[in-house]
Amino acid sequence: MTITRFAPAPTGRLHVGNIRTALHNWMLARKAGGKFLLRIDDTDAARSKEEYVEAIREDLAWLGIETDMEERQSLRLERYDAAFEILKAAGRIYPAYETQQELELKRKVLLGRGLPPIYDRGALKLSDEERAAKEAEGVAPHWRFKLDHDEPIEWEDGVRGKQKFDASQLSDPVIRRADSSWLYMLPSTVDDIEMGVTQVLRGEDHVSNTAVQIQMFTALYAAQFSAASGGANELPKFAHEALLVGREGKLSKRLGSLGCDAFRERGIEPEAIIALLARLGTSLPVEPIASRETLLETFDLSTFGRAPAKFDDADLDRINTAIVHQLGFADVSDRLPEGMGEEAWHAIRPNLETVGGAHDYWRIVTGPIELPDFSDEDRAYLSEAAAALEWNDNPWGALTSKLKDSTGRKGKALFLPLRQALTGQNHGPDMGDLLPVLGEEVARRRLERASDS
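Since we're looking at a predicted model, the values are computed, not measured. (Residues numbered from 1 in each chain as written. Predicted model: local features only at pLDDT ≥ 70, side-chain atom pairs only at ≥ 80, totals over all residues. Heavy atoms only, no water.)

What follows deals with the pattern of salt bridges. Summed over all chains, the structure comprises 38 salt bridges. Here the residues in one salt-bridge network are Arg5, Arg39, Asp41, Arg76, Arg79, Asp191, Asp192 and Glu194, joined through shared partners. (Salt bridge = Lys/Arg side-chain N within 4 Å of Asp/Glu carboxyl O.)

Given below as structure tokens:
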């Protein structure tokens, strides 16, 4: 069974970049009839907050991204300890004692020589006596995973194609801090094994992490960790999608502030966000498709491109407007102003950019409205209109047809004074749809009022 996962750290609200990652993993699982796992990566106790855990759940629910399972890393610390001890016994983990300042100096020296800033494995060169002296001084070690420089790192990436890394050109990653807290690498690998994750889809900024984690997978499999834990015993398939960029063509800090809370405040529909992000960065056209089934049918990693995917608010607004125009009364009835029925919704809907805009248009119906200064000629025309108004299946068509014949007016001269008198606006909903919503009594009263203004 296909199992994908979305693994946010609860250190803030979801933003557009990780919403896209969550969506694509959900789609990957749903299309294959598999399961989508939410894993809360909350090993960083100082930065993780329960309010953000709740916000992540709420945002995914609002977007309609259903989770089949949920796990929390803070409840699995003993599993990471077990894997740590296995790798340590296998000689794949070693203590290192350099301070951050010492490491930074090493990096600057290498860069100054035009060399890649790869960790020099200085900790492995320490004698037992030197290590004991460090610890006697109270220097607690951090721990690194020892990469096998003789083991090739290759995989067929679902987006990027054939990938190959030389382990000697990568630094041995720090997996555990001096205070015993975990960094991302090892817990994620352990979880993917024990939770049976079969597909890892994430941003291209994780490509080198994948290279490192592949060796962690193989080291744990070799040590029989997976058999002991009942987990998988083969590598997941990996895919790395291009990152989102802003309209200006470079990575935008603003993208990190665009989250579900901001979208809700703007009146953006979840369906619009899904329609945009489902295809953003693919060769498929971004269209206002409200059907999840249609989006799932066409979802395919082979359509994903290598170029950065450009997120533009204007595209989101355009799609949102088109989605709003597709929404039925039942979809929005609980968000409409009191008293607004299905007939009014269908009359007003084509003019809306957001559902919230219905409140502004409903005020046209309920009044009061402000009238412009009409000329004497227009007031006389409106008085004639009030007398000519007849209520039938098409009151607007009947009224304008009669006035056209009796006054000789046409075009703007025929329609605009009527719209202004009935709505107080120069433009807006189709009057053929809106006039029945106003009703005969209100319509006649407004025409008479305008003729006396």
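Having put the structure on the table, let's press on.
Let us look at the packing of helix α16 (residues 376–388) against helix α18 (residues 411–423). At a minimum axis separation of 10 Å, α16 and α18 run at an interaxial angle of 80°. When the axes of α16 and α18 are compared, the pair comes out roughly perpendicular. Within the contact between the two elements, α16 uses Asp378, Tyr381, Leu382 and Ala385 and α18 uses Ala413, Leu414, Pro417, Leu418 and Ala421. Here the contact of α16 with α18 is built from residues that sort into eight nonpolar, no polar and one charged. (Axes fitted to C-alpha atoms, helices over the stretch in contact; angles between N-to-C directions. Helix = DSSP H or I, 4+ residues; strand = E, 2+ residues; numbered from the N terminus. Parallel < 35°, antiparallel > 145°, perpendicular 65-115°, else oblique. Contact = heavy atoms within 4.5 Å. Nonpolar A, V, L, I, M, F, W, Y, C, P; charged D, E, K, R; others polar.)

Strand order across the open sheet formed by three strands is β1-β2-β3, with parallel pairing between neighbours. Here the strands that pair on one side only, and so sit at the sheet edges, are β1 (3–6) and β3 (69–72). On average, adjacent strands in this sheet sit at an angle of 25° to one another, irrespective of strand direction. For strand β2 (residues 35–40) and β3, the ladder comprises four bridges, and the chain directions are parallel. Looking across to β3, one finds that arginine 39 is bridged to glutamate 71. In this fold helix α1 (residues 16–31) packs onto β1 and β2, with an angle of close to 165° to the strand it touches most, β1. (Pairing = 2+ DSSP bridges.)

Here the focus is the nonpolar core. Taken as a class, soluble globular proteins show a tendency for nonpolar side chains to be buried jointly. Phe263, Phe311, Trp345 and Leu447 are the most contacted members of the largest nonpolar core, which totals 83 residues. It is α1 that provides the largest number of residues to this core, a total of eight residues. Leave out the neighbours within four places in its chain, and phenylalanine 263 touches Val16, Ile19, Trp62, Leu258, Ile268, Ile273, Phe311 and Leu316. Leu170, Leu220, Tyr221 and Phe238 belong to the second-largest nonpolar core, a separate cluster that totals 34 residues. (Core = buried A, V, L, I, M, F, W, Y, C linked by side-chain atoms within 4.5 Å. Buried < 20%, exposed > 50% of the residue type's maximum accessible area, 1.4 Å probe, protein only.)

Across all of its chains, the model carries nine aromatic pairs by this definition. Considering the side-chain rings of phenylalanine 217 and phenylalanine 238, the 6.3 Å spacing of their centres and the 65° angle between planes classify their relative orientation as edge-to-face. Pair noted here: phenylalanine 217 is in helix α7 (residues 207–222) and phenylalanine 238 is in strand β10 (residues 237–241), with a separation of 21 residues, a long-range link. Phenylalanine 238 shares its class with phenylalanine 217; the two are buried. Taken together through their ring pairs, the aromatic side chains of Trp155, Phe165, Phe217, Tyr221 and Phe238 make up a single cluster. Taking the ring centre of phenylalanine 84 as reference, the NZ or CZ of arginine 176 above it sits at 5.0 Å. (Phe/Tyr/Trp six-rings, centres within 6.5 Å; stacked < 30°, edge-to-face > 60°. Lys NZ or Arg CZ within 6 Å of the ring centre and 35° of its normal.)

Take the layout of surface pockets next. Think of a ball as big as a water molecule: rolled over the atoms, this probe shows where empty space is left. Within this model, the second largest pocket holds a volume of roughly 360 Å³. Every residue lining the second largest pocket is counted, 19 residues in all, and those nearest its centre are Gln100, Leu103, Arg107, His142 and Arg144. Sorting the residues of the lining of the second largest pocket by element identifies α4 (100–112) and β5 (142–145) as the ones contributing at least two each. When residues of the lining of the second largest pocket are assigned to their parent elements, the largest contribution, five residues, is made by α4. Of the residues contributing to the lining of the second largest pocket, the split by class is nine nonpolar, four polar and six charged. (1 Å grid on protein atoms, 1.4 Å probe; cavity = no way out; pocket = protein on both sides within 12 Å on 5 of 7 lines; lining within 4 Å. Points joined across faces, edges and corners; volume = space filled by probe spheres on them.)

We now examine the sheet that holds β5. Pairing is antiparallel across the open sheet formed by three strands, whose spatial order is β4-β5-β8. Strand pairing shows two members of the sheet lacking a second neighbour, β4 (93–96) and β8 (174–176), which therefore form its edges. Between one strand axis and the next, the sheet turns through 45° on average, direction left out of account. Strand direction decides the pairing type here: β5 and β8, joined by two bridges, are antiparallel. When the sheet's bridge partners are listed, tryptophan 143 is paired in β8 with arginine 176.

This brings us to empty space enclosed by the protein. What the rule picks out here adds up to one cavity of 30 Å³ or more. What the largest cavity holds in volume is close to 40 Å³. Forming the walls of the largest cavity are Met27, Ala278, Arg279, Thr282, Leu284, Leu295, Thr298, Phe299, Asp300, Thr303 and Phe304. Of all the secondary structure elements, the ones that give two or more residues to the lining of the largest cavity are α10 (270–279) and α11 (292–298). Here the residues of the lining of the largest cavity sort into six nonpolar, three polar and two charged.

What follows covers α10. α10 sits mainly inside the fold: nine of its ten residues count as buried. Buried residues of α10: Pro270, Ala272, Ile273, Ile274, Ala275, Leu276, Leu277, Ala278 and Arg279, and no others. In the core, the buried residues of α10 are packed alongside α1, α2 (50–63), α9 (260–266), α11 and α12 (313–324). A positive phi of about 90° marks glycine 281, the residue just after α10.

Structural measurements only, silent on function.
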